[in-house]
Amino acid sequence: MTVGIVGLGLIGGSLARSIKVHTDFEVLGMDINPQTMLQANLLARCDVVLVALYPAAIVTWITEHQDAFRPGAWVIDCGGVKEAVCTPLNALAQGKPWHYCGGHPMAGREFSVFRYAKDDLFDRA
């Protein structure tokens, strides 16, 4: 399975690290940092896309990339705010060949960049 993660801060970075430690899945990452940027055409390889951005950016990013997702893929947001994200994205996903699911990380810490990401951040969370 191939998992794409958009936003490699604390939540996205920790998801990436945890998936790498606990599975043999391929993990592709995208971030505003050009050194870690995932080319949009690689989204078509992902079975799951985890979008770990701020709420407004989640909606914008998924809307802008809606035609790039693999048919049958699951697109899951990791934002803590739900109505402002789920309402427009549930409507957007209607009739698309991919699936949207509103998620929540249920974990965190006082730091917010990749260097503080932990492969065990979600353990028992």
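Up top is the structure these notes are about.
Let me begin by describing the structure that accompanies this report. (Residues numbered from 1 in each chain as written. Predicted model: local features only at pLDDT ≥ 70, side-chain atom pairs only at ≥ 80, totals over all residues. Heavy atoms only, no water.)

Digging into the pairing of strand β4 (residues 74-77)
Argument step 1. Side chains V75 and D77 project from β4 onto a buried face, and the interleaved W74 and I76 project onto a face without burial.
Argument step 2. In the sheet, strand β3 (residues 48-51) pairs with β4 via four bridges, with the strands oriented parallel. For L50, the partnering residue across the bridge sits in β4 and is I76.
Argument step 3. Where β4 lies against strand β5 (residues 99-102), four bridges are found, and the strand directions are parallel. Along β5, the bridge assignment pairs I76 with C101. (Buried < 20%, exposed > 50% of the residue type's maximum accessible area, 1.4 Å probe, protein only. Helix = DSSP H or I, 4+ residues; strand = E, 2+ residues; numbered from the N terminus. Pairing = 2+ DSSP bridges.)

What to know about the side chain of D77
Argument step 1. One can find D77 in strand β4.
Argument step 2. What makes D77 buried here is its relative accessible area of 0%.
Argument step 3. Here the side chain of D77 touches G79 through a polar contact of 2.9 Å, landing on its backbone nitrogen.
Argument step 4. Look past the residues within four positions of D77 in its chain and what remains in contact with it is V51, I58, K82, V85, C86, Y100, C101, G102, G103 and H104. (Polar contact = N/O pair within 3.5 Å; in protein donor to acceptor, adjacent residues only side chain to side chain. Contact = heavy atoms within 4.5 Å.)

A few points about the nonpolar core
Argument step 1. Within the largest apolar cluster, 21 residues are counted, with the highest numbers of intra-cluster contacts made by V49, V51, W61, I62, F69, L89 and W98.
Argument step 2. Counting only elements with at least two residues in this core, the list comes to β2 (26-30), β3, α2 (55-64) and α3 (83-93).
Argument step 3. The greatest single-element share of this core, amounting to five residues, is contributed by α3.
Argument step 4. Setting aside residues no more than four positions away along its own chain, L89 makes contact with I58, V59, I62, T63 and Y100.
Argument step 5. In terms of nonpolar packing, the next biggest core, distinct from the first, is built from 14 residues, L8, V48, L50 and C78 among them. (Core = buried A, V, L, I, M, F, W, Y, C linked by side-chain atoms within 4.5 Å.)

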